[in-house]
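Each chain, letter by letter, is given below.
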Amino acid sequence: NLSIVHRLHTRQVDYVNAFAQADLDKDVFMEIPQGCEHFNNKDCIFKLNKSLYGMADVPLMFFDLLKTNLESIGFKQQTTIDPCLFIHKDAICLTYVDDCLWFGCDRNAIHVLIELIKTKMDLKVESCDVFAFFGINLISWGEIIKLLQSGLINKIIEATGMTNANPANVLAAEKPLGKDLNGVPFNESWSYASVVGMLLYLSGNSRPDIAFAVNQAAQFTHAPKVSHALAVKKIV
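Note that this is a predicted model, so its numbers are computed, not measured.

Looking now at the overall build of the chain. Across its full length, the chain carries seven helices and 10 strands. For 236 residues, the compact-globule estimate of 2.2 N^0.38 gives 18 Å, and the C-alpha radius of gyration of the chain, at 25 Å, exceeds that figure by more than 25%. With the C-alpha coordinates of the chain rotated into their principal frame, the extents come out at 65 × 60 × 35 Å. Within the chain, buried positions represent 34% of all 236 residues. Taking the contacts inside the chain whose residues are at least 6 apart along the sequence as the reference set, 65% of them involve residues at least 24 apart. For the chain, the exposed area adds up to about 14900 Å²; of that, 55% sits on carbon and sulfur atoms. Taken together, the 21 basic and 25 acidic charged side chains of the chain have centroids lying 6 Å from each other.

In structure tokens:
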């Protein structure tokens, strides 16, 4: 939201084989993996030069490598705010494991900084913007910021097999949704808990208008009935 309000340029960067990029500062050995038949000596083992997926401390090793490289080009870690936040005079870099979100006023300055990091680490630019990073499209119309989750909405409609269904005028019945202890058990082909989970994510971000109806349905994920499935379909 802040990046849209302040008209910042953004980039989403992902690191290729992130956990295999750090140099090891200790001796680590592994057995010969299956498929390396040309090593006939069964007593032979490999010594690793780089970190490898599966090692307990590899996430920290990657973060330390990323931190070192960001600081080498002028970024400063904001330890008092968030250790995953790095600020440069020309850009902001927010890290989450091997995903980095970049923000800045100057598009070219961001590009230069990313190219500098690329000389030190293997990475790719996933997107020219981060406005759909969590599956939520943020669109600025003047003073209005609109949140869209069209992809998730379509996924919910398809999951419930309601692509060709007609729209409903209301989200829920006037009578509150109850336990329906003697009702017919849920017999749909789709997962009740999965669809309700997606509806909860939708209602908590871009569709607060469905929040009450969805929260009613969410109370019965442990033992849904046909009546609860019908309530979910009404929302969809």
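The next thing to look at is the pairing of strand β6 (residues 91-96). The side-chain alternation of β6 yields one buried face, formed by Ala91, Cys93 and Thr95, and one unburied face, formed by Ile92, Leu94 and Tyr96. Relative to β6, strand β5 (residues 85-88) runs antiparallel, the two sharing four bridges. For Phe86, the partnering residue across the bridge sits in β6 and is Cys93. Taking the residues that link successive antiparallel strands as the turn, the β5-β6 hairpin has two residues. Taken together, the five bridges between β6 and strand β7 (residues 99-104) define a ladder with antiparallel strand orientation.

Attention now goes to the pairing of strand β1 (residues 9-15). For β1, a buried count of six out of seven residues is recorded, marking the element as mostly surrounded by other parts of the structure. Two elements, β1 and β7, share six bridges in a ladder whose sense is antiparallel. Each residue of the ladder has a partner; that of Asp14, found in β7, is Asp99.

Here the structure, examined in full by the defined rule, presents eight salt bridges. Residue Glu71 is joined to Lys67 by a salt bridge in which the shortest nitrogen-to-oxygen separation is 3.2 Å. Note that Glu71 and Lys67 are positioned in helix α2 (residues 58-72) at a spacing of four residues, about one turn of the helix. A relative accessible area of 35% means that Glu71 is categorised as partly exposed.

The rules behind each value
- Residues numbered from 1 in each chain as written.
- Predicted model: local features only at pLDDT ≥ 70, side-chain atom pairs only at ≥ 80, totals over all residues.
- Heavy atoms only, no water.
- Helix = DSSP H or I, 4+ residues; strand = E, 2+ residues; numbered from the N terminus.
- Rg over C-alpha atoms; globule rule 2.2 N^0.38 Å.
- Buried < 20%, exposed > 50% of the residue type's maximum accessible area, 1.4 Å probe, protein only.
- Contact = heavy atoms within 4.5 Å.
- Areas by Shrake-Rupley, 256 points an atom, 1.4 Å probe, with all protein chains shown as cover.
- Lys, Arg positive; Asp, Glu negative; His and termini not counted.
- Charge placed at Lys NZ, Arg CZ, Asp CG, Glu CD.
- Pairing = 2+ DSSP bridges.
- Salt bridge = Lys/Arg side-chain N within 4 Å of Asp/Glu carboxyl O.

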